[in-house]
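So you can see what is in the structure, the chains are spelled out below.
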Amino acid sequence: MNAEAQSPAALLPAVEAEGISKTYGPVTALKPTSFTIPAGRYFVLLGPSGGGKTTTLRMIAGLIRPTTGRVKIAGRDVTDQPANRRDTAMVFQGYALFPHMSVEQNVAYGLELRKMSRDQIRERTQDMLRLVGLSGFEARRPTELSGGQQQRVQLARALVLETSIVLLDEPLAALDATLRKDMCFELKHIQESVGTTFVHVTHNQEEAMTVADEIALIADGTVVESGAPRQMYERPRRRFTAEFVGENAVLSGPIGPTGMRIAGTSIPVPNSERISAISVAAENVRLSPDGAAREAWALPGAVVDVFYLGFSALLHVQIDGGPSIPVRLRARDLPDGISAGTKVWVDWDVAEMRAHAD
């Protein structure tokens, strides 16, 4: 659809948060925070437990009223409106299905509350069950379904309402690793097929990287950084982002005329006067067990752990007089004889290094 054919609401951001915060007495769950979610995007709120991401989602949903700030949906201020007056639907962490109802009845429940005709309800319910891959499961009860199937029912129940925004609160947390990965792919495909804005909360970075068009990293009650998954992984601006997203060696030390001093070694860094830390992705760290490092400033250390992960191997190397850093190698590139206690040197191409001012 071209821009000229779109409705005015479709051209507006799906969500605008303007200085929203939430306090409970002396406890601050979310500091004043602003962000915009474009319409039709898969937006992920990522961060550690207790950082404020679920509080943020619930303020968008209308389940929590912000202490300060405003929430707009499609340009309309909804801050003072209850959840049932907002153009949103919610998918919860627990499956939250009615156990005495069939799959079809669970999905149709919201439409029945809207007093739609029986034929309309059946048609839309069937369409949603087909979309989530549950055609033929209409008569089953939730107890007869797997965890992944129950979560699909809850997703269908949200999508059938045809709201402009679907809010997902840790929707895959109860699933095992394999099923979670499969559901990530399905969620992404479903969002792309319906074009609805999805806002998804998770603490799992792999989950976030799989589904997101854009990620907002929330910690300590504030948005630390936001951007596309590739940007957040390859070019994190903030030190916390480098520590949380991916596996990165994050190093800090005093700055001198020749660079940053780490464990008695000076590592060249760009714009050194504005840097408080440097980071490099674990897969870009080079390991040399024989001292034949490429860089003159290579750091000596010893292997602490070696984890064989199939295609790759993850090592933790304790720098002599410095921190422990991760090193990820292709399994076939793992030097023979490497084990805990092996003396090694680590270095990296300076061009692969990221600088952080905070």
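This report concerns the structure included in the present document. Here the structure is a predicted model, which is why all the values come from computation and not from measurement.

### As for the sheet that holds strand 14 (residues 265-267)
Item 1. Reading across the sheet, the three strands line up as 12-13-14 and stay open at both edges, with antiparallel pairing between neighbours. A single partner strand is all that each edge strand has here, and the edge strands are strand 12 (255-256) and strand 14.
Item 2. Inspection of the sheet shows strand 13 (residues 259-262) paired to strand 14 by three bridges, in the antiparallel sense. Counted as the bridge partner of Ile262 is Thr265 from strand 14.

### Quick notes on the packing of helix 3 (residues 103-113) against helix 4 (residues 118-131)
Item 1. For the pair helix 3 and helix 4, the least separation of the axes is 9 Å and the interaxial angle reads 125°. On the basis of their axis angle, the class for helix 3 and helix 4 is oblique. In this structure, helix 3 crosses over helix 4, and the sense of that crossing is right-handed. Contacts from Val103, Glu104, Val107, Ala108, Leu111 and Glu112 in helix 3 reach Ile121, Arg122, Arg124, Thr125, Gln126 and Leu129 in helix 4.
Item 2. A breakdown of the residues in the contact of helix 3 with helix 4 according to their chemical character gives six nonpolar, two polar and four charged.

### Regarding the nonpolar core
Item 1. Counting residues in each nonpolar core, the largest one holds 44 residues, and the members touching the most others are Val44, Leu46, Leu155, Leu168 and Phe198.
Item 2. Among the elements that line this core, the one with the most residues is helix 5 (residues 147-159), at five residues.
Item 3. In contact with Leu168, not counting residues within four places along its chain, are Tyr42, Leu57, Val91, Leu155, Leu187, Phe198, Val199, His200 and Val201.

### Observations concerning the sheet that holds strand 9 (residues 214-219)
Item 1. Taken in spatial order, the six strands make up an open sheet running 6-7-8-3-9-10, and their pairing is mixed. Edge positions in the open sheet fall to strand 6 (88-91) and strand 10 (222-227), since each of these has one partner strand only. Neighbour-to-neighbour, the strand axes of the sheet open up by a mean angle of 20°, direction not taken into account.
Item 2. Here five bridges tie strand 7 (residues 165-169) to strand 8 (residues 197-202), and the two strands are oriented parallel to one another. Looking at strand 8, one finds that Leu167 is bridged to Val199.
Item 3. Across the sheet, helix 2 (residues 53-61) is in contact with strand 3 (42-46), strand 6, strand 7, strand 8 and strand 9; its angle to strand 7 comes to roughly 150°.

Criteria and thresholds
- Residues numbered from 1 in each chain as written.
- Predicted model: local features only at pLDDT ≥ 70, side-chain atom pairs only at ≥ 80, totals over all residues.
- Heavy atoms only, no water.
- Pairing = 2+ DSSP bridges.
- Helix = DSSP H or I, 4+ residues; strand = E, 2+ residues; numbered from the N terminus.
- Axes fitted to C-alpha atoms, helices over the stretch in contact; angles between N-to-C directions.
- Parallel < 35°, antiparallel > 145°, perpendicular 65-115°, else oblique.
- Left-handed = near helix turned anticlockwise from the far one by under 90°.
- Contact = heavy atoms within 4.5 Å.
- Nonpolar A, V, L, I, M, F, W, Y, C, P; charged D, E, K, R; others polar.
- Core = buried A, V, L, I, M, F, W, Y, C linked by side-chain atoms within 4.5 Å.
- Buried < 20%, exposed > 50% of the residue type's maximum accessible area, 1.4 Å probe, protein only.

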